[in-house]
Every structure is written in C-alpha cells, then in structure tokens.
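# Tertiary structure, described
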Amino acid sequence: MREANWLTNTQEEDKSVIERTDVRFMPAEKAPLLSLPRRITGAGAALKLSYVCTKASAPPSAPPARARCRGSAAASGNGGGGAAMVRITEDLVRRRAEHNNCEIFSLEEISLHQQEIEKLEYLDKWCRDLKILYLQNNLIPKIENVSKLKKLEYLNVALNNIERIENLEGCEELKKLDLTANFIGELSSIESLKHNIHLKELFLAGNPCTEFEGYRPFVVATLHQLKYLDSKEIERSERIKALQNYPEVKQKIREQEQVYLLKRAREKEEAQRRMQERKDKKQKQMKSKLGFDSPDSLQEKENHQAEGDGEQETCRTVEDDEEDRRFWEEPTPYTPESRLETHRYIEEKRRAKDNIRESKKSEKPPWTLVTAEGKVLNVNVPKLHFSLKDDEENNQFILELAVYRYLDTSLLDVDVQPTYIRVLVKEKPFQFVLPEEVKPDSSSAKRSQTTGHLVVTMPKAKEIILAKQKLSASIKHSDCNTLQKNARRSGKVEKLEVDPSKYSFPDVTKIIQEKERTGQGPIKLHPERITEVKKSCVDFENDKDVPPLI
C-alpha cells in the first residue's frame, strides 16, 4: 500500500509496524484535539495520517485491504464527476455561484473544493470582488493568478500539491491562509508573506517543513504580523525568544532545505522512471492483446471466444484484481507525483469500468417480435395498460394505449400492419396481433389532450352491411302484418280505426244548438255579437219591454 516517507530518522526504522488509522481530515482549528497513535509523534502527525495510506494489519493469507489516501481528491469519490482533469471554466464558476444568482462579477465567496483542479486560473479576471476562496482537496501544484484579488481575506488551498508559497503579494487584505497538508519544503518562501500586513492566521500543519528543526521559531520571527500559527496563539515572550535566536535558526533552516531539495530531486527522477516503466509495460500488454501472433494462435483465440465469453470475463477480473493488488501493495513515498499517479490510476480504472458497462448495454440482444417461423408475437415491453374495442357500427377497431401523460409525442412511433400493430414508446416495443385484417392506409393515431393516451383507429378490411340497412330496404315491400309485428317489437300501441260510412249513428253532439260568438280583439273593445236563430213561429212577437230570457 501507499506509504508516506515523511517520518523522521527514528521513525523510519519502525514505519513497517505503523497501524492503520481512521483519523479523518478536520479543520485546522480542531487539529490539536485529535488523538494520535503511540508510535507516531511530531507536529502535524495527525493530519499526515489522515492523508497517508499505511499498511494494513491483515495476516499474509488474507487478501490485502485496498487502502486509499483519504485526503486526496484522486482517491475519494468526490464531486469531480470522474473526469481526468478539470479546469476552472466559466460554467463551473457559475454553477458554484448559485447563492449569488449565478452572477460572477459580484461574487464574494466561492467553493471549488474536491474538483480535481490541476491549475489555478481565470478567477482574478472574472471575480475581482472575491473575499473567501475555497480550493481544498484538489491537485493544484502552484499558487498563481490570484494577485489581482485585492479584497481576498481568506484563502484555503489545503490538500493540494503546492511546494512553495508565492504570488500572494497582491492580496492586500489577506487575513487567513490555510496550506494544510501540502508539500511545502522551502520554508524560506514564507518571507514573501511579509507584504501581507493584515495576515493574522497561517496553517502549515502536515507539510514537510514542519519537521524541520526550528520551524516554529523561524516562522514567528519572520512574520511579525502573525497572531496564530497552526491554531496556536503566538505569545509575546515566544516572539521575543524567536527574534533573539533568529540568525542561528535561519541558518539551520537553510541547511535542512538544501537536504530536502536534493531528496525531492531524487523522488522526481524515481517517479519519472516508474512512470516510464509502467508505460512500456502497458504497451507490451497492448501488443500482446492486439496482436503480433501467428495465424494458428489467432484461430485458437477465435475458437476460445466462440466457446464462451464467461471464462474470458473471469480471467479479466482476476487480472484486474492482481494488478490492483500489486499497485496498492507497492511501497511509494507520499509525493506530488505519487498522488497524481494514484489519481490517474483510479480514473483509468473507472473509465475502463464505464466502457465495459456501456459495451454491455450496447450488446443487449434485441426483443423478439417475430419468430423464425414468421409468427407475430404479442409484446408489451413498456408495460402499459391498453384496451381494444370492436366498433361494429363503424366497422373498425379502436386501440387505446395508456401512454404516459407528459411523454413527448416525438418519442412515439406507430406502425400499423394488416394483421398487427406495433408502437415504439421510447424505443420499447408494444406489439399486438389483431383479430381481423385492417386497412393500414386508412388508420389514424391521436393523443388525448386530457389523459395523454394514444388512440389508434383502424378500419377493417372486410366491408360488412349493417342490419339497419336491411331493415329499411324491406319496409318498402312489407305488408300490414309485418308492420304490426315491427310495431309490437318497437313497443308502440296501435288503435283501431272505424269507417263511419258503414255504420249510421245519431249525432248526439248537435242535439242542442250552440250560440255563435264572434269577436275580435279584447272583449272590452269589441263586445260579443250574439246571433240567435229565430224560431219559425207565427204567433211570436218581439216585445222590447220584456227582457230576454237568456
């Protein structure tokens, strides 16, 4: 497993017995509260253990535990989205500026942590008003392109690959700088922070420079404006003592820096050599896979492939596990190069798994809709409810398919054949065999505006004369008996009619003669005129003095 090489000379002898710890990354303010294993001591040891993978205490027979570097963005499944390299883009900054309505020109705070960023750029041009900038847990090797952020007060670049403090002179309002768990070995580079007169807090825990003898006195004597170093307050007596011994401490720091720089040069050469070896090994594997083999061996490979792909997948899995085992068991110093190598290895494995998953999806066999004998099957892959109605009056079939209400119509494809209908819903087939042949050219498909269901109307191929048409044609040539039967069936009551010429009855309705009343308009305006029929009597006299009987 990956092992840190930051231990002192006395600790390097016992580094094989370091026990695995689950101490996680915590803010620098809480770092002193962490409990340390007994075999590791020294300033910043707790933070180092958080980011360094140590050996597992598993027995030799058991499979090795795959430890990960907890602090590295390469090993953690973070928000980077699995990309090999992420640059700071305008789209990324706008997505991280949701709290400011995605406006970047007036942005005062932004968090770009765990994005696997490998270069710090563009922020000094897009976000001039930044006050707080979070860039922890990335792969940034150098502090750059921040000198124009005049209002910047807090910069957090913890857990990166930074080896030197530089390019911060232009941040005039900088008050807090967090460089926890980086690779700063040039401690004298902190002299560039003398121009940041408002700097009050500095965090360097977890860096190689903290192992130097005289580290804290040198920093306290160099930066007079500091009030807190690694979460510990700088007292006045401590500063006076550091200033008294400053020349001697500075000389020691210079000597230790030179030793560290030589060591870093060797580590870089070793990393380049290891990377070249790995590249050559990979090329050999590719050549052996692709090919420079004899035709007989190629024929054997094809035969093996025809026999079964399951064995090949098993062998591939075993090979990958063996490669993982070798990679994680290889002792490697914790350097910026090894951190990048780990990140790229994990990304390569993740990309290979994604490719295998996509190839499996693409190799999925198609659905069987028609058998080899030509028989059409009923298929309902989208699992939708449906109903088929036989409309005899209009001589047609009506299929109602319960398509999702808010599904876009462009995702539907309807294919009507004489004996069956096929509907593709988001490329998933629904197929139904019809009981009779239909006319595909006269069929129509519509969507319901309320339910969103798909309604397909399919006229039948055979023309059928309805019963109503036969009935209307037969009525013209039917006799009275047929009419009576039809009337009885319809439920209507027939009345008998009598011919008055055949029978003679007295007219009882005209026994008493009625007075004829004629009038026009309202009664008041036009009084009724009464006309009486005069009786044919000789002795009748009309006496005006006598009132009428009626």
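Right, let's walk through the structure included here. Bear in mind that the values here come from a model prediction, so they are computed numbers and not experimental data.

### Considering the pattern of salt bridges
A complete count under the given rule lists 23 salt bridges for this structure. Glu166 serves as the salt-bridge partner of Arg164, at 3.6 Å between the closest nitrogen and oxygen. Residue Arg274 is joined to Glu341 by a salt bridge in which the shortest nitrogen-to-oxygen separation is 3.7 Å. With a gap of 67 residues between them, Arg274 in helix α7 (residues 246–290) and Glu341 in helix α10 (residues 336–362) connect regions that are remote in the sequence. Pair check on accessibility: Arg274 and Glu341 agree, each one buried. Among the charged side chains, a network of salt bridges with common partners joins Glu163, Arg264, Glu267 and Glu337.

### Points about the sheet that holds strand β12 (residues 420–425)
The four strands are arranged β8-β13-β12-β11 in an open sheet whose pairing can be described as antiparallel. Of all the strands in the sheet, the pair left with one neighbour each is β8 (379–380) and β11 (412–416). Where β8 meets strand β13 (residues 428–433), two bridges bridge the pair, whose relative direction is antiparallel. Note on β13: the bridge partner recorded for Val379 is Gln431.

### Some remarks on the sheet that holds strand β15 (residues 454–459)
The strand order across the open sheet built from four strands is β9-β10-β15-β14, with neighbouring strands paired in antiparallel fashion. Whereas interior strands pair on both sides, the edge strands pair on one side only; in this sheet they are β9 (386–391) and β14 (444–447). Going from strand to strand, the sheet's axes swing by 15° on average, the running direction of each strand aside.

### So, the pairing of β11
With five bridges joining them, β11 and β12 adopt antiparallel strand pairing. Across the sheet, Asp415 pairs through a bridge with Arg422, a residue of β12. The turn joining β11 and β12, which pair antiparallel and follow one another in sequence, is formed by three residues.

### Describing the pairing of β13
A regular strand places its side chains so that they alternate between the two faces of the sheet. Two strands pair when backbone bridges link them, and β12 and β13 are joined in this way by six bridges, in the antiparallel orientation. Along β13, the bridge assignment pairs Ile421 with Phe432. Two successive antiparallel strands, β12 and β13, enclose a turn made up of two residues, where Lys426 displays a positive phi of approximately 55°.

### Details of the environment of Thr89
By the element assignment, Thr89 lies in the loop between α2 (45–51) and α3 (90–95). Relative accessible area serves as the criterion here: at 35%, Thr89 is assigned to the partly exposed category. A polar side-chain atom of Thr89 sits 3.2 Å from the main-chain amide nitrogen of Leu92.

### Brief notes about the packing of aromatic side chains
Aromatic rings considered in pairs are described by the distance between their centres and by the relative angle of their planes. Per the stated rule, a full pass over the model turns up nine aromatic pairs. Ring centres 5.6 Å apart and planes at 90° place the aromatic pair Tyr134 and Tyr154 in the edge-to-face group. Here Tyr134 is found in strand β2 (residues 132–134), whereas its partner Tyr154 is found in strand β3 (residues 154–156), with 20 residues between them in sequence. Between Phe386 and Phe430, the aromatic rings sit 5.1 Å apart at their centres with planes inclined by 65°, giving edge-to-face as the arrangement.

### Let's talk about the environment of Leu388
Residue placement: Leu388 occurs in strand β9. Leave out the neighbours within four places in its chain, and Leu388 touches Phe397, Ile398, Leu399, Phe432, Pro435 and Met458.

### Side note on a positive patch on the surface
A contiguous patch of positive charge on the surface is contributed by Lys131, Lys175, Lys200 and Lys227. Position of Lys131 relative to the elements: it lies in the loop between α4 (123–126) and β2.

### A short note on the side chain of Thr180
Residue position: Thr180 is located in the loop between β4 (176–178) and β5 (201–203). Residue class for Thr180 comes out buried when judged on its relative accessible area of 2%. One polar contact links Thr180 to Asp178, side chain to side chain, over a distance of 2.5 Å.

### Thoughts on unusual backbone geometry
Only a minority of non-glycine residues have a phi that is not negative, and only a minority of peptide bonds are not trans. In this model, Leu159 sits at a positive phi of 60°, which is unusual for a non-glycine residue. Within the secondary structure, Leu159 sits in the loop between β3 and β4. The residue Glu427 is not glycine, and still its phi comes out positive at about 65°. Within the element layout of this structure, Glu427 appears in the loop between β12 and β13.

The rules behind the values
- Residues numbered from 1 in each chain as written.
- Predicted model: local features only at pLDDT ≥ 70, side-chain atom pairs only at ≥ 80, totals over all residues.
- Heavy atoms only, no water.
- Salt bridge = Lys/Arg side-chain N within 4 Å of Asp/Glu carboxyl O.
- Helix = DSSP H or I, 4+ residues; strand = E, 2+ residues; numbered from the N terminus.
- Buried < 20%, exposed > 50% of the residue type's maximum accessible area, 1.4 Å probe, protein only.
- Pairing = 2+ DSSP bridges.
- Axes fitted to C-alpha atoms, helices over the stretch in contact; angles between N-to-C directions.
- Polar contact = N/O pair within 3.5 Å; in protein donor to acceptor, adjacent residues only side chain to side chain.
- Phe/Tyr/Trp six-rings, centres within 6.5 Å; stacked < 30°, edge-to-face > 60°.
- Contact = heavy atoms within 4.5 Å.
- Patch = residues over 30% accessible without salt bridge, like charges linked within 9 Å, V, L, I, M, F, W, Y side chains within 5 Å.
- Areas by Shrake-Rupley, 256 points an atom, 1.4 Å probe, with all protein chains shown as cover.
- Lys, Arg positive; Asp, Glu negative; His and termini not counted.
- Charge placed at Lys NZ, Arg CZ, Asp CG, Glu CD.

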